[in-house]
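Fold and contact review
The lines below spell out each chain.
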Amino acid sequence: MAVIPVRWNGSRADDSRPKGSNAYQIVTGDDSEDDRRRWDTLYSTRTYVFGKEPAAFLRDNIGQLSVGKALDLAMGEGRNAVYLAKKGFSVDGVDISEVALQKARRLASENKVSITAINADLSAYTIRPETYQLIVNIDYLQRSLIPQIRRGLKRGGIVVFETYTVEHLKNANGQHMRRDYLLERGELRRFFRDYEILVYRETNDGKEARASLIARKP
Ligand SMILES: C[S@@+](CC[C@H](N)C(=O)[O-])C[C@H]1O[C@@H](n2cnc3c(N)ncnc32)[C@H](O)[C@@H]1O
């Protein structure tokens, strides 16, 4: 695994990261230990690097999701997992950074909910088949996980997936990113083309370019 440090300019309305703080883009690479160390270093601060509020896409679409067992992939500091737990989901969250998981556990306890925080490298992780009503993947791209996400969902289960696209290369924030770490146009939809697509969009507001999908397993 490899990680690219980028300068964060505080452009996301749903994010409480301080302006000018450093952040890391979500990439896949080949050196897991290096990746783990870098993420641990990034997260070794009292503030929540990605904020305590859920991703706007998840929050805005929560009404479409039925409560059940959920998996948050690359959970980070737990903003999305804790939000789901507060909504009644039973949440497993996986992340390579133990520092992030400690913050996620703390956020859960601040909110008087519990989550199961699993420290694992997703490139060597097996999602238990037909287990989850909901799988969330926000701001993380590991293409090899797609078949596992599909298998991990129960029939009728829902995937919520949002991450950066190649359009982001045009933005000041994204110029340093490697293209293969970004979704190609239409790629996310193709991953789940046989699912019932409930929401799909690709956006670029000039600062952030993402593809966002909610789809139901047939
Ligand atoms: C940009 S953060 C997104 C965190 C969270 N999804 C959110 O929306 O706040 C990307 C996360 O991917 C995690 N990560 C990177 N490589 C990983 C790997 N190989 N296995 C598991 N987690 C990984 C990092 O530790 C980091 O928490």
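Residues numbered from 1 in each chain as written. Predicted model: local features only at pLDDT ≥ 70, side-chain atom pairs only at ≥ 80, totals over all residues.

As a further point, take helix 3 (residues 79–86). With 7 of 8 residues buried, helix 3 lies mostly within the body of the structure. Taken together, the buried positions of helix 3 are Arg 79, Asn 80, Ala 81, Val 82, Tyr 83, Leu 84 and Ala 85. In the stretch just after helix 3, Gly 88 is the one whose phi turns positive, near 105°. (Buried ≥ 20, exposed ≤ 12 C-beta atoms within 10 Å, placed from the backbone. Helix = DSSP H or I, 4+ residues; strand = E, 2+ residues; numbered from the N terminus.)

In this section: the site of the ligand. In the neighbourhood of the ligand, 23 residues make up the surrounding shell, with Trp 39, Ala 74, Gly 76, Ile 96 and Leu 122 lying closest. Taken together, the elements giving at least two residues each to the shell around the ligand come down to helix 1 (32–43), helix 3 and strand 4 (90–95). For the shell around the ligand, the class distribution of residues is 13 nonpolar, 5 polar and 5 charged. (Near = placed C-beta within 6 Å. Nonpolar A, V, L, I, M, F, W, Y, C, P; charged D, E, K, R; others polar.)

So, on to the sheet that holds strand 7 (residues 153–164). Strand order in the open sheet made by the 7 strands is 5-4-3-6-7-9-8, with mixed pairing throughout. On the outer flanks of this sheet lie strand 5 (116–119) and strand 8 (196–204), each paired with one strand and no other. The mean inter-strand angle of the sheet, taken between neighbouring strand axes irrespective of direction, is 10°. As paired strands, strand 7 and strand 9 (residues 209–216) are joined by 7 bridges and run antiparallel to one another. Along strand 9, the bridge assignment pairs Tyr 164 with Arg 210. Against the sheet, helix 3 touches strand 3 (69–73), strand 4 and strand 6 (132–138), its axis set at about 170° to strand 4. Helix 4 (residues 98–110) contacts strand 4 and strand 5 of the sheet and is inclined by roughly 175° relative to strand 5. (Pairing = 2+ DSSP bridges. Axes fitted to C-alpha atoms, helices over the stretch in contact; angles between N-to-C directions. Contact = placed C-beta atoms within 7 Å.)

Relative to the 18 Å expected for 13 residues at 1.5 Å per residue, helix 4 spans 18 Å between its end C-alpha atoms, a close match to the ideal helical length. On its buried side, helix 4 packs onto helix 1, helix 3, strand 4 and strand 5. Where helix 4 ends, the next residue or the one after it, Lys 112, has phi of about 60°, a positive value. (Expected span 1.5 Å × (residues − 1).)

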